[in-house]
Amino acid sequence: MPFSETVLRIGFSHHHHLTAFKKKKWSTMLIGYARVSTADQNLALQHQALTKAGCAKIFDDTISGTKTDRPGLTKALEQVRAGDTLVVWKLDRLGRTVKNLIDFTEQLHTDGVGFRSLTDQIDTTTPAGRFFFNIMASLAQMERELTIERTQAGLAAARAKGHLPGRKRIMTDSKIASAIKLLEAGMTPPDVARDLGVSIPTLYRWIPAHGRP
(Lines give C-alpha, C1' and ligand atoms only; values in the text may rest on other atoms or scores of the structure.)
Protein backbone atom coordinates (compact mmCIF):
# COMPACT_ATOMS: atom_id res chain seq x y z
CA MET A 1 0.00 0.00 0.00
CA PRO A 2 1.44 3.42 -0.93
CA PHE A 3 2.68 5.53 1.96
CA SER A 4 0.31 8.41 1.21
CA GLU A 5 -2.70 6.06 1.30
CA THR A 6 -1.51 4.57 4.59
CA VAL A 7 -1.27 8.04 6.16
CA LEU A 8 -4.71 8.90 4.82
CA ARG A 9 -6.24 5.75 6.31
CA ILE A 10 -4.54 6.34 9.67
CA GLY A 11 -5.69 9.95 9.67
CA PHE A 12 -9.26 8.98 8.82
CA SER A 13 -9.28 6.29 11.53
CA HIS A 14 -7.91 8.73 14.12
CA HIS A 15 -10.51 11.33 13.17
CA HIS A 16 -13.29 8.73 13.34
CA HIS A 17 -12.29 7.58 16.85
CA LEU A 18 -11.83 11.16 18.06
CA THR A 19 -15.29 12.11 16.80
CA ALA A 20 -16.82 9.06 18.47
CA PHE A 21 -15.01 9.93 21.71
CA LYS A 22 -16.29 13.49 21.63
CA LYS A 23 -19.84 12.33 21.02
CA LYS A 24 -19.62 9.93 23.92
CA LYS A 25 -18.00 12.49 26.18
CA TRP A 26 -20.50 15.25 25.48
CA SER A 27 -23.65 13.13 25.16
CA THR A 28 -26.38 14.42 27.43
CA MET A 29 -29.00 12.53 29.35
CA LEU A 30 -32.42 13.28 30.81
CA ILE A 31 -32.77 11.99 34.38
CA GLY A 32 -36.29 11.87 35.80
CA TYR A 33 -37.42 12.28 39.40
CA ALA A 34 -40.91 11.51 40.71
CA ARG A 35 -42.40 11.81 44.19
CA VAL A 36 -45.68 11.10 45.94
CA SER A 37 -46.50 11.83 49.57
CA THR A 38 -48.07 8.53 50.66
CA ALA A 39 -48.08 4.91 49.62
CA ASP A 40 -51.73 5.34 48.57
CA GLN A 41 -50.76 7.69 45.75
CA ASN A 42 -49.65 6.31 42.42
CA LEU A 43 -46.35 7.12 40.72
CA ALA A 44 -47.52 5.74 37.37
CA LEU A 45 -48.74 9.09 36.00
CA GLN A 46 -45.42 10.81 36.72
CA HIS A 47 -43.41 7.86 35.37
CA GLN A 48 -45.44 7.88 32.17
CA ALA A 49 -44.92 11.62 31.64
CA LEU A 50 -41.18 11.41 32.39
CA THR A 51 -40.73 8.45 30.05
CA LYS A 52 -42.61 10.26 27.28
CA ALA A 53 -40.32 13.26 27.81
CA GLY A 54 -37.33 11.04 27.03
CA CYS A 55 -35.90 10.31 30.46
CA ALA A 56 -33.37 7.48 30.27
CA LYS A 57 -33.53 6.83 34.01
CA ILE A 58 -36.21 7.63 36.59
CA PHE A 59 -35.82 7.72 40.36
CA ASP A 60 -38.64 8.20 42.83
CA ASP A 61 -39.60 8.69 46.46
CA THR A 62 -42.74 7.97 48.45
CA ILE A 63 -42.25 10.60 51.10
CA SER A 64 -43.55 13.96 52.27
CA GLY A 65 -42.29 17.08 50.53
CA THR A 66 -41.19 18.51 53.88
CA LYS A 67 -38.71 15.68 54.47
CA THR A 68 -35.09 16.56 53.71
CA ASP A 69 -33.91 12.96 53.43
CA ARG A 70 -35.01 11.69 50.01
CA PRO A 71 -33.09 8.59 48.87
CA GLY A 72 -34.55 8.69 45.36
CA LEU A 73 -33.58 12.31 44.79
CA THR A 74 -30.13 11.62 46.18
CA LYS A 75 -29.64 8.79 43.67
CA ALA A 76 -30.89 11.00 40.83
CA LEU A 77 -28.41 13.72 41.74
CA GLU A 78 -25.62 11.14 41.89
CA GLN A 79 -26.45 10.17 38.29
CA VAL A 80 -26.59 13.60 36.66
CA ARG A 81 -23.43 15.01 35.12
CA ALA A 82 -22.60 18.36 33.58
CA GLY A 83 -24.70 18.71 30.45
CA ASP A 84 -27.47 16.44 31.73
CA THR A 85 -30.95 17.66 32.67
CA LEU A 86 -32.98 16.72 35.74
CA VAL A 87 -36.68 16.43 34.84
CA VAL A 88 -39.68 16.49 37.19
CA TRP A 89 -43.39 16.27 36.51
CA LYS A 90 -44.15 19.37 38.58
CA LEU A 91 -42.16 21.91 40.63
CA ASP A 92 -43.72 20.91 43.95
CA ARG A 93 -42.22 17.42 43.54
CA LEU A 94 -38.93 18.98 44.66
CA GLY A 95 -39.94 21.27 47.51
CA ARG A 96 -42.61 23.30 49.22
CA THR A 97 -40.98 26.73 49.30
CA VAL A 98 -39.77 29.08 46.59
CA LYS A 99 -36.47 29.50 48.42
CA ASN A 100 -35.79 25.76 48.39
CA LEU A 101 -36.57 25.52 44.69
CA ILE A 102 -34.33 28.44 43.81
CA ASP A 103 -31.44 27.18 45.95
CA PHE A 104 -31.83 23.75 44.36
CA THR A 105 -31.88 24.99 40.76
CA GLU A 106 -29.02 27.41 41.39
CA GLN A 107 -26.90 24.50 42.62
CA LEU A 108 -27.81 22.50 39.51
CA HIS A 109 -26.84 25.46 37.35
CA THR A 110 -23.51 25.75 39.19
CA ASP A 111 -22.87 22.06 38.46
CA GLY A 112 -23.73 22.57 34.78
CA VAL A 113 -26.96 20.56 35.07
CA GLY A 114 -30.22 21.69 33.46
CA PHE A 115 -33.67 21.49 35.03
CA ARG A 116 -37.11 20.90 33.49
CA SER A 117 -40.60 20.88 34.97
CA LEU A 118 -43.03 19.33 32.52
CA THR A 119 -46.34 20.59 33.91
CA ASP A 120 -45.04 24.11 34.60
CA GLN A 121 -43.29 24.22 31.20
CA ILE A 122 -40.03 25.44 32.70
CA ASP A 123 -36.70 24.54 31.16
CA THR A 124 -33.53 26.19 32.44
CA THR A 125 -31.62 24.99 29.39
CA THR A 126 -33.51 27.63 27.40
CA PRO A 127 -33.13 31.43 27.68
CA ALA A 128 -36.77 31.81 28.76
CA GLY A 129 -36.37 29.21 31.51
CA ARG A 130 -33.19 30.81 32.85
CA PHE A 131 -34.88 34.22 32.78
CA PHE A 132 -37.81 32.87 34.82
CA PHE A 133 -35.58 31.54 37.57
CA ASN A 134 -33.46 34.69 37.58
CA ILE A 135 -36.62 36.68 38.27
CA MET A 136 -37.65 34.23 41.00
CA ALA A 137 -34.20 34.44 42.59
CA SER A 138 -34.38 38.25 42.56
CA LEU A 139 -37.80 38.20 44.21
CA ALA A 140 -36.60 35.76 46.87
CA GLN A 141 -33.56 37.94 47.60
CA MET A 142 -35.79 41.02 47.87
CA GLU A 143 -38.07 39.18 50.30
CA ARG A 144 -35.07 38.22 52.47
CA GLU A 145 -33.87 41.82 52.53
CA LEU A 146 -37.35 43.11 53.41
CA THR A 147 -37.60 40.57 56.23
CA ILE A 148 -34.26 41.73 57.66
CA GLU A 149 -35.33 45.35 57.29
CA ARG A 150 -38.63 44.73 59.08
CA THR A 151 -36.86 42.84 61.88
CA GLN A 152 -34.34 45.64 62.39
CA ALA A 153 -37.11 48.25 62.38
CA GLY A 154 -39.03 46.24 64.97
CA LEU A 155 -35.98 45.96 67.23
CA ALA A 156 -35.30 49.70 66.92
CA ALA A 157 -38.92 50.50 67.83
CA ALA A 158 -38.76 48.17 70.83
CA ARG A 159 -35.55 49.78 72.07
CA ALA A 160 -37.09 53.23 71.66
CA LYS A 161 -39.96 52.16 73.94
CA GLY A 162 -37.56 50.72 76.48
CA HIS A 163 -38.21 47.11 75.58
CA LEU A 164 -35.09 45.10 74.91
CA PRO A 165 -35.87 41.88 73.05
CA GLY A 166 -33.85 38.89 74.10
CA ARG A 167 -33.86 36.32 76.84
CA LYS A 168 -36.65 36.44 79.38
CA ARG A 169 -35.73 38.44 82.50
CA ILE A 170 -34.49 36.31 85.36
CA MET A 171 -35.47 38.93 87.93
CA THR A 172 -39.18 39.58 87.41
CA ASP A 173 -40.98 42.45 89.16
CA SER A 174 -42.38 40.07 91.77
CA LYS A 175 -38.92 38.65 92.49
CA ILE A 176 -37.49 42.14 92.87
CA ALA A 177 -40.25 43.09 95.34
CA SER A 178 -39.69 39.86 97.31
CA ALA A 179 -35.93 40.42 97.39
CA ILE A 180 -36.33 43.94 98.77
CA LYS A 181 -38.67 42.74 101.52
CA LEU A 182 -36.35 39.88 102.47
CA LEU A 183 -33.29 42.14 102.55
CA GLU A 184 -35.13 44.73 104.64
CA ALA A 185 -36.18 41.95 107.00
CA GLY A 186 -32.52 41.15 107.61
CA MET A 187 -31.89 38.16 105.33
CA THR A 188 -28.40 38.10 103.88
CA PRO A 189 -27.93 38.64 100.11
CA PRO A 190 -26.56 35.10 99.56
CA ASP A 191 -29.64 33.61 101.24
CA VAL A 192 -31.99 35.84 99.25
CA ALA A 193 -30.24 34.97 95.99
CA ARG A 194 -30.44 31.26 96.82
CA ASP A 195 -34.15 31.47 97.66
CA LEU A 196 -34.92 33.31 94.42
CA GLY A 197 -32.73 31.01 92.31
CA VAL A 198 -30.40 33.72 91.02
CA SER A 199 -26.74 34.59 91.47
CA ILE A 200 -25.59 37.30 93.88
CA PRO A 201 -24.32 39.57 91.04
CA THR A 202 -27.75 39.26 89.37
CA LEU A 203 -29.45 40.14 92.64
CA TYR A 204 -27.30 43.27 93.08
CA ARG A 205 -27.79 44.27 89.46
CA TRP A 206 -31.58 44.39 89.83
CA ILE A 207 -32.05 45.54 93.41
CA PRO A 208 -31.81 49.33 93.96
CA ALA A 209 -29.14 50.43 96.39
CA HIS A 210 -31.72 51.60 98.94
CA GLY A 211 -33.21 48.11 98.98
CA ARG A 212 -29.97 46.50 100.15
CA PRO A 213 -29.05 46.17 103.83
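Now for a quick tour of the structure. Here the structure is a predicted model, which means the values were calculated and not measured. Starting from 1, residues in each chain are numbered consecutively following that chain's sequence as written. With pLDDT at 70 or above as the cut-off, local features in this predicted model cover only qualifying residues; side-chain atom pairs require 80 or more to be listed or tallied, and sums for whole chains, interfaces and linings still use all residues. Here the side-chain values reflect all heavy atoms present in the structure, with hydrogen atoms and water set aside.

## Concerning the overall build of the chain
Comment: elements are numbered from the N terminus, with helices defined as DSSP H or I runs of at least four residues and strands as E runs of at least two. Assigned secondary structure in the chain consists of 8 helices and 5 strands. The helix and strand sequence of the chain, counted from the amino end, reads α-β-α-β-α-β-α-β-β-α-α-α-α. Here the chain holds 213 residues, and the buried ones make up 28% of them. By definition in these notes, contact holds between two residues if any of their heavy atoms fall within 4.5 Å. Sequence-distant contacts, at least 24 apart, represent 62% of the contacts inside the chain between residues at least 6 apart. Only the protein chains shown count as covering a residue, and every accessible area follows the Shrake-Rupley method with a 1.4 Å probe. For the chain, the exposed surface amounts to about 14600 Å²; the carbon and sulfur share of it is 59%. Relative accessible area decides the class of each residue, using a 1.4 Å probe on protein chains only: under 20% of the type maximum gives buried, over 50% gives exposed, and in between gives partly exposed.

## Quick notes on the packing of helix H6 (residues 173–184) against helix H7 (residues 189–196)
At their nearest, the axes of H6 and H7 sit 10 Å apart, and the two run at 150 degrees to each other. Regarding the angle of H6 to H7, the classification is roughly antiparallel. At the point where H6 passes H7, the crossing takes the right-handed sense. Here H6 contributes Lys-175, Ser-178, Ala-179, Leu-182 and Leu-183 to the contact with H7, which in turn contributes Pro-189, Val-192 and Leu-196. Under the convention adopted here, Pro, Cys and the residues Ala, Val, Leu, Ile, Met, Phe, Trp and Tyr are nonpolar, Asp, Glu, Lys and Arg are charged, and Gly plus all remaining residues are polar. When the residues that make up the contact of H6 with H7 are grouped by side-chain class, the tally is 6 nonpolar, 1 polar and 1 charged. Lines are fitted to the C-alpha atoms to define the axes, a helix being fitted only along its stretch in contact, and any angle between axes, read from their N-to-C directions, falls within 0 to 180 degrees. We call two directions roughly parallel when the angle between them is under 35 degrees, roughly antiparallel when it is over 145, roughly perpendicular when it lies between 65 and 115, and oblique otherwise. Left-handed describes a crossing whose near helix is turned anticlockwise from the far helix by less than a right angle; the clockwise case is right-handed.

## Digging into the pattern of salt bridges
Every case where a carboxyl oxygen of Asp or Glu lies within 4 Å of a side-chain nitrogen of Lys or Arg is listed as a salt bridge. By the definition in use, this model includes 3 salt bridges. A salt bridge links Arg-116 to Asp-123; its shortest N-O distance comes to 3.9 Å.

## A few points about the sheet that holds strand E3 (residues 85–88)
Either a parallel or an antiparallel arrangement is found when strands of a sheet pair, and the pairing is made through backbone hydrogen bonds. What the 5 strands build is an open sheet, ordered E2-E1-E3-E4-E5; its pairing is mixed. Among the strands making up the open sheet, the edge pair consists of strand E2 (57–62) and strand E5 (122–123). Bridge count for strand E4 (residues 114–117) against E5 is 2 bridges, and the pairing is antiparallel. Each residue of the ladder has a partner; that of Ser-117, found in E5, is Ile-122. Its contacts with the sheet place helix H2 (residues 44–52) against strand E1 (30–36), E2 and E3, and it is angled at close to 165 degrees to E1. Packed on one face of the sheet, helix H3 (residues 71–79) meets E1, E2 and E3 and runs near 155 degrees to E2. Any two strands with at least two DSSP bridges between them are considered paired.

## Some words on H7
By the burial criterion, the buried members of H7 are Pro-189, Val-192, Ala-193 and Leu-196. In a view along the axis of H7, the buried residues occupy a sector of 100 degrees, so they form one face of it. In H7, the exposed positions angled more than 90 degrees off the buried face are occupied by Arg-194 and Asp-195. Residues of H7 that are buried make contact with H6 and helix H8 (200–206). Where H7 terminates, the next one or two residues include Gly-197, which has phi positive at roughly 75 degrees. Directions pointing from the helix axis toward each C-beta atom define the arc.

## Re H6
Since the α-helix advances by 3.6 residues per turn, residues separated by three or four positions end up pointing in the same direction. Under the convention used throughout, the expected extent of a helix is 1.5 Å for every residue step, that is, one less than its residue count. In this model H6 runs 17 Å from its N-terminal to its C-terminal C-alpha over 12 residues, within 8% of the 16 Å that 1.5 Å per residue would give. Buried residues along H6 sit in contact with H7 and H8. Positioned one or two residues after H6, Gly-186 has a phi angle of 105 degrees, which is positive.

## Some remarks on the nonpolar core
Side chains of a nonpolar character, in soluble globular proteins, are inclined to be buried together. Nonpolar cores were defined as sets of buried Ala, Val, Leu, Ile, Met, Phe, Trp, Tyr and Cys residues, with membership established by side-chain atoms within 4.5 Å. Ranked by size, the top nonpolar core spans 17 residues in total, and within it Leu-86, Leu-94 and Phe-115 carry the most contacts. Only E1, H3, E3 and helix H4 (98–110) provide two or more residues apiece to this core. Looking at which element gives the most residues to this core, the answer is H4, with 3 residues. Leu-86 has contacts with Ile-31, Tyr-33, Ala-76, Leu-77, Phe-104, Leu-108, Val-113, Gly-114, Phe-115 and Arg-116, leaving out every residue within four places of it along the chain.

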